[in-house]
Amino acid sequence: MSDIPSYQTHFPLKNKLARLAWQVVYALLFRPCIPHFLNGWRIFLLRCFGAKIGKGSVVYAQSRIWAPWNLAIGHKTCIGPGAELYNPAPFTIGNNVTISQKSYLCGGSHDISRLNKPFLCAPITIDDHVWICAASFIKMGIHLHKGCIVGATSSVFKDVEEWTVVGGNPARYLKDRVLRQD
């Protein structure tokens, strides 16, 4: 795990109000905009709430983003339909990344070693040219290095090295990703 989780005993009132405002905008203005050509509108709304999003990126209306102000997305990146980004800590997503449908990126959890189970959160970092295939789970604090692929329905609990392919639950190394020169 690249980042040590931090305890978050509570969220400040400002954060709670921002999330409430985002939920209203999400329900009324973001989610109903299903046609693909309205992607610019969705990007605009996310930017209004503090997201940093590069040119050519696509965020599907069926995706769910918990805190846009904790989101930085590079150029030509796609957040697929049904993808959930639970980001109480910052998420940094590089260029040319695909987060496929129904994937879940989880930036928070609870410390079960304590009776009061305090909330923990840690950033997720995704480098350029990464592909997270359908219905995958990415745990808080994970770093997906440049060019790696997370196979469909995988659960990632450890950082993934550059230009490798992982799969399974828990995700394990499958092979190197070798690019052809076609």
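Residues numbered from 1 in each chain as written. Predicted model: local features only at pLDDT ≥ 70, side-chain atom pairs only at ≥ 80, totals over all residues. Heavy atoms only, no water.

Asker: Please set out the packing of aromatic side chains residue by residue, giving values where relevant.
Answerer: Applying the stated criterion across every chain yields a total of 10 aromatic pairs. For the ring pair Trp22 and Tyr26, a centre distance of 6.0 Å and an interplane angle of 55° mean the geometry is tilted. Placement of both Trp22 and Tyr26 in helix α1 (residues 13-30) is noted, with a separation of 4 residues, approximately one turn of the helix. A residue is classified by how much of its surface remains accessible, and Tyr26, at 5% relative accessible area, is buried. Members of the aromatic cluster, each reached through a chain of ring pairs, are Phe11, Trp66, Tyr86 and Phe119. Over the face of the ring belonging to Phe11 we find Arg19, whose NZ or CZ atom lies 5.0 Å from the ring centre. (Phe/Tyr/Trp six-rings, centres within 6.5 Å; stacked < 30°, edge-to-face > 60°. Helix = DSSP H or I, 4+ residues; strand = E, 2+ residues; numbered from the N terminus. Buried < 20%, exposed > 50% of the residue type's maximum accessible area, 1.4 Å probe, protein only. Lys NZ or Arg CZ within 6 Å of the ring centre and 35° of its normal.)

Asker: Explain helix α2 (residues 39-48) to me, using residue names and the numbers behind them.
Answerer: Within the span of α2, buried status applies to Asn39, Arg42, Ile43, Leu45 and Leu46. An end-on view of α2 places all buried positions within 160° of arc, on one side of the element. If you follow the buried residues of α2, they end up packed against α1, β2 (52-53), β3 (58-59) and β4 (64-65). Note on α2: the residue one or two positions beyond its end, Gly50, has a positive phi of about 100°. (Arc of directions from axis to C-beta. Contact = heavy atoms within 4.5 Å.)

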